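# Descriptive structure summary
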Amino acid sequence: MERLTEGVYALTETIETDDGERAFHPAAVETDRGLLVIDVGLPGQADALAAELAEAGFEWADVWAVVLTHQDGDHAGALATVHEETGAVVFAHEGCAPYVDGREDPIKAEGERYPPVPVDVELVGEELFRTAAGPMRVVYTPGHAPGHVSLYLPEQRLLLAGDALTAADGELQGPSERFTLDLAEAGQSVARLAALDVERVLCYHGGAVSADADRIAAIGSSMVD
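Residues numbered from 1 in each chain as written. Predicted model: local features only at pLDDT ≥ 70, side-chain atom pairs only at ≥ 80, totals over all residues. Heavy atoms only, no water.

## Considering the layout of surface pockets
Approximately 920 Å³ is the volume found for the largest pocket. Lining the largest pocket we find 33 residues, and of these Arg22, Asp74, Lys108, Phe179 and His205 sit closest to its centre. Elements that contribute at least two residues to the lining of the largest pocket include exactly β4 (20-24), α2 (73-76) and β14 (166-168). Of all the elements, β4 adds the most residues to the lining of the largest pocket, at four residues. The space that makes up the second largest pocket amounts to roughly 210 Å³. Lining of the second largest pocket is provided by Thr31, Asp32, Arg33, Trp64, Phe91, Leu128, Phe129 and Arg130. Per-element tally for the lining of the second largest pocket: the top contributor is strand β10 (residues 128-131), with three residues. Taken together, the residues of the lining of the second largest pocket break down into four nonpolar, one polar and three charged. (1 Å grid on protein atoms, 1.4 Å probe; cavity = no way out; pocket = protein on both sides within 12 Å on 5 of 7 lines; lining within 4 Å. Points joined across faces, edges and corners; volume = space filled by probe spheres on them. Helix = DSSP H or I, 4+ residues; strand = E, 2+ residues; numbered from the N terminus. Nonpolar A, V, L, I, M, F, W, Y, C, P; charged D, E, K, R; others polar.)

## Description of the sheet that holds strand β2 (residues 8-10)
Within the open sheet, the seven strands sit side by side as β1-β2-β5-β6-β7-β8-β9. Their pairing is mixed. In the strand order of this sheet, the two ends are held by β1 (2-5) and β9 (121-123), each with one partner. On average, each strand axis in the sheet is tilted by 25° relative to the strand beside it, whichever way the strands run. Two elements, strand β7 (residues 63-67) and strand β8 (residues 89-93), share three bridges in a ladder whose sense is parallel. Following the sheet pairing, Ala65 is matched in β8 by Val89. (Pairing = 2+ DSSP bridges. Axes fitted to C-alpha atoms, helices over the stretch in contact; angles between N-to-C directions.)

See the structure below:
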């Protein structure tokens, strides 16, 4: 667990694979209504999420809502368990919701799908959440997956990128080409993020790194060359 700024926490969930340890980085944001959790991890990772929340001083009862950046199993797979534990309000973009709630099978999934969960609020982009760190804006960033969103806290110059961007060795990078459905659309989303005033980015894959709009713009340009 890492506190990114007042009221915003980067969490870490890890799994062992044949290629070594993999880490995922959900986030938790304090609001007047309770804790807002952004992404929840793979099926079976709810306990790891609870442990990270406990390290930040929270428990399941503190969780008010979950925002999914998108439908991939490593982001939404543990949602059913988290929802059962918390009764959280579930937010997802309207382009993502059918894959989460069971109307459609998740894209890119292999084998049995994760348990579907109803989406309470379907986002369209530009919504604002009131948080302890100031307003947090929903930014529509499709390409990696249908209905992908990122979250931006302008007062903190902080971007929670989901999978719209990744990081490796402390440096911001573009989205994973292997797992991105539409690279051209993903590049347009990166260009949209480059218009934001940013000094730090939390990537679900790679963690928190220092980066500014120029770096994001350079990544976007490299994707359309």
